[in-house]
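# Working through the structure, step by step
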Amino acid sequence: MINTDIVSKTISFVKEKLNDAEGGHDWFHIERVYKNALLIANDENCDVTVVKLGALLHDIADSKFHNGDESVGPKVAREFLESLNVSEEVIVHVVNIIDNISYKGGNFEKKFTSIELDIVQDADRLDAIGAVGIARAFNYGGFKNRALYDPKIAPNTSMTKEEYKSSNAPTLNHFYEKLLLLKDKMNTPTGKQIAQERHRYMEGFLSQFYAEWDGEK
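Quick caveat: nothing in here was measured; it's all calculated off a predicted structure.

## Notes on the overall build of the protein chain
Summing up its helical and strand segments, the protein chain has 10 helices and 0 strands in all. Along the protein chain, helices (α) and strands (β) appear in the sequence α-α-α-α-α-α-α-α-α-α when read from the amino end. Radius of gyration (C-alpha) of the protein chain: 18 Å, near the 17 Å computed for a compact globule of 217 residues. At a minimum sequence separation of 6, the contacts of the protein chain that also span at least 24 residues come to 66%. Carbon and sulfur atoms provide 48% of the accessible area of the protein chain, an area that totals close to 11200 Å². Of the charged side chains in the protein chain, 26 are positive and 34 negative; the average position of the first set lies 1 Å away from that of the second.

## Description of the pattern of salt bridges
Applying the stated rule across the entire model yields 8 salt bridges. Arg-200 is the partner of Glu-197 in a salt bridge, and the nearest nitrogen-oxygen pair spans 2.8 Å. Here Arg-200 and Glu-197 lie together in helix 10 (residues 189–213), a separation of 3 residues that amounts to about one turn. By relative accessible area, Glu-197 is classed as partly exposed at 46%. Look at Arg-200 and you get partly exposed, because its relative accessible area is 46%.

## Considerations on the environment of Asp-184
Position of Asp-184 relative to the elements: it lies in the loop between helix 9 (171–177) and helix 10. A relative accessible area of 63% places Asp-184 in the exposed class. Placed 11 residues apart in sequence, Asp-184 and Ala-195 show a C-alpha to C-alpha distance of 8.7 Å.

## A word on the nonpolar core
Ranked by size, the top nonpolar core spans 57 residues in total, and within it Val-14, Leu-57, Ile-60, Leu-81, Val-94 and Phe-175 carry the most contacts. With 7 residues, the single largest contributor to this core is helix 2 (residues 27–41). In contact with Leu-81, other than residues within four places in its own chain, are Leu-53, Leu-57, Val-86, Ile-91 and Val-94.

## What to know about unusual backbone geometry
Phi angles above zero are rare outside glycine, and Asn-85 is one such case at about 60 degrees. With respect to the secondary-structure elements, Asn-85 resides in the loop between helix 4 (72–83) and helix 5 (88–100). Backbone geometry at Asn-145 places phi at a positive 60 degrees, although glycine is not the residue there. Tracing the chain through its elements places Asn-145 in the loop between helix 7 (130–143) and helix 8 (161–166). Judged by its relative accessible area of 72%, Asn-145 is exposed.

## Structural notes on the packing of aromatic side chains
By the definition in use, this model includes 11 aromatic pairs. Ring centres 5.8 Å apart and planes at 20 degrees place the aromatic pair Phe-175 and Phe-205 in the stacked group. You can see Phe-175 sitting in helix 9 and its partner Phe-205 sitting in helix 10, a full 30 residues away along the chain. For Phe-175, a relative accessible area of 0% gives the class buried. Taken together, a centroid distance of 6.0 Å and an interplanar angle of 45 degrees make the contact between Phe-205 and Phe-209 tilted. Placement of both Phe-205 and Phe-209 in helix 10 is noted, with a separation of 4 residues, approximately one turn of the helix. Among the residues examined, Phe-205 registers a relative accessible area of 25% and is labelled partly exposed. On the accessibility criterion, Phe-209 (14% relative accessible area) is buried. Joined through ring pairs, the aromatic side chains of Phe-138, Tyr-149, Phe-175, Phe-205, Phe-209, Tyr-210 and Trp-213 make up one cluster.

Criteria and cut-off values
Residues numbered from 1 in each chain as written. Predicted model: local features only at pLDDT ≥ 70, side-chain atom pairs only at ≥ 80, totals over all residues. Heavy atoms only, no water. Helix = DSSP H or I, 4+ residues; strand = E, 2+ residues; numbered from the N terminus. Rg over C-alpha atoms; globule rule 2.2 N^0.38 Å. Contact = heavy atoms within 4.5 Å. Areas by Shrake-Rupley, 256 points an atom, 1.4 Å probe, with all protein chains shown as cover. Lys, Arg positive; Asp, Glu negative; His and termini not counted. Charge placed at Lys NZ, Arg CZ, Asp CG, Glu CD. Salt bridge = Lys/Arg side-chain N within 4 Å of Asp/Glu carboxyl O. Buried < 20%, exposed > 50% of the residue type's maximum accessible area, 1.4 Å probe, protein only. Core = buried A, V, L, I, M, F, W, Y, C linked by side-chain atoms within 4.5 Å. Phe/Tyr/Trp six-rings, centres within 6.5 Å; stacked < 30°, edge-to-face > 60°.

The values are spatial; any link to function lies outside them.
Given below as structure tokens:
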């Protein structure tokens, strides 16, 4: 078992690092993913140490906020864990989770697999859908000054990783380019079950959005 002091120090470190983060990628996002991960882990045979640290550090330096540089997060996580004398085996596993968790347009082949990655990835994806997912999508869209919706701009569901990262499409397109696709990309039985209801909630939201947009009700 990991020293509980390491988890508490990691929580403090993440809170400090993400103090001024965008609202959809702040400490509260990490906390929700952490809780989701622990919930899913209850039904899986896994290393809870790795799940906890992976969930806490998965967005410690999201590439979206570092000019697309995907090396920053793993580097920051490694240096922090080394400072706590965490074993190299655990550090490598956590870094692999950070390296492979992101959606990246849905065309990204994971170079590493483990049940711990599956758990943290599901936990992160659950926070991208449902009511919170909707709120996060529009919060980030506002942060990037994107249009809510433009009927003339169709969603692109076959983007490359580079196109996905550089897209400035209206926020509503993001539902079709990512959020509505996540239900079928969940890894664990618990993740799949929770995702079903959150997916239905988003479908209801979109129906209402289009009705209001068209002045129907």
